Amino acid sequence: MSALARPGDVADLLAPFIRDDEDREFVARCIGTEGPAHHRIASLALLRLLSEALRAAGGPVPAAPEDGVPVPFRLPPHLDREADEEAHYPIRLPHRALARLAPEGSRDADLLADALTDGPAHHALANVVMATMLDALVERLKQKDRE
């Protein structure tokens, strides 16, 4: 495995957003070990840059982890019949991030949430983590502007 795409590195970056160690390791494995190498390496590179930007801005602003859109498990069509429709990954897409882009409860907000949470685990989770980190960065920068 390339030093550029180690799941342990992803888990460290997720610590401010996923409190439970096992949940954090699970999401990190999905992002860092699933899918093609170019996806894993690109996701980790972007997550590392976002983490660095957040640190430089003063760190993530705490958010309620239960306040967000659940990220459903998506299974391939041949396994979908066995899927638990209530099964979700242990991270949520923050409502605040969606509200920055589309009015809350609007069709656009729903489309955006579906687009960011759809697809294989490595895509959906990387999208949600990046949106979460970007939202935290924007919130931190807004706080600094108010000071």
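For the structure given in this document, a descriptive report is provided here. (Residues numbered from 1 in each chain as written. Predicted model: local features only at pLDDT ≥ 70, side-chain atom pairs only at ≥ 80, totals over all residues. Heavy atoms only, no water.)

### Overview of the packing of aromatic side chains
All told, the structure shown has three aromatic pairs when counted by the stated rule. With a centroid separation of 5.9 Å and an interplanar angle of 20°, the aromatic rings of F26 and Y89 are classed as stacked. Taken as a pair, F26 in helix α2 (residues 21-33) and Y89 in strand β2 (residues 88-94) lie far apart in primary sequence, 63 residues in all. Residue classification places F26 among the partly exposed residues on the basis of a relative accessible area of 26%. (Phe/Tyr/Trp six-rings, centres within 6.5 Å; stacked < 30°, edge-to-face > 60°. Helix = DSSP H or I, 4+ residues; strand = E, 2+ residues; numbered from the N terminus. Buried < 20%, exposed > 50% of the residue type's maximum accessible area, 1.4 Å probe, protein only.)

### Notes on the packing of α2 against helix α3 (residues 37-57)
At a minimum axis distance of 7 Å, the contact between α2 and α3 shows a crossing angle of 125°. Considering their axes alone, α2 and α3 lie oblique with respect to each other. Where α2 approaches α3, its residues I31, G32 and T33 are matched on the opposing element by R40, S43 and L47. A breakdown of the residues in the contact of α2 with α3 according to their chemical character gives two nonpolar, three polar and one charged. (Axes fitted to C-alpha atoms, helices over the stretch in contact; angles between N-to-C directions. Parallel < 35°, antiparallel > 145°, perpendicular 65-115°, else oblique. Contact = heavy atoms within 4.5 Å. Nonpolar A, V, L, I, M, F, W, Y, C, P; charged D, E, K, R; others polar.)

### Details of the side chain of T117
On the secondary structure map, T117 appears in helix α5 (residues 107-117). Looking at T117, the relative accessible area reads 3%, which means it is buried.

### Focus on the pairing of strand β1 (residues 68-72)
Taking burial as the measure, the five residues of β1 include four buried ones, the bulk of the element. Where β1 and β2 come together, four bridges link them in antiparallel fashion. Across the sheet, G68 pairs through a bridge with P94, a residue of β2. (Pairing = 2+ DSSP bridges.)

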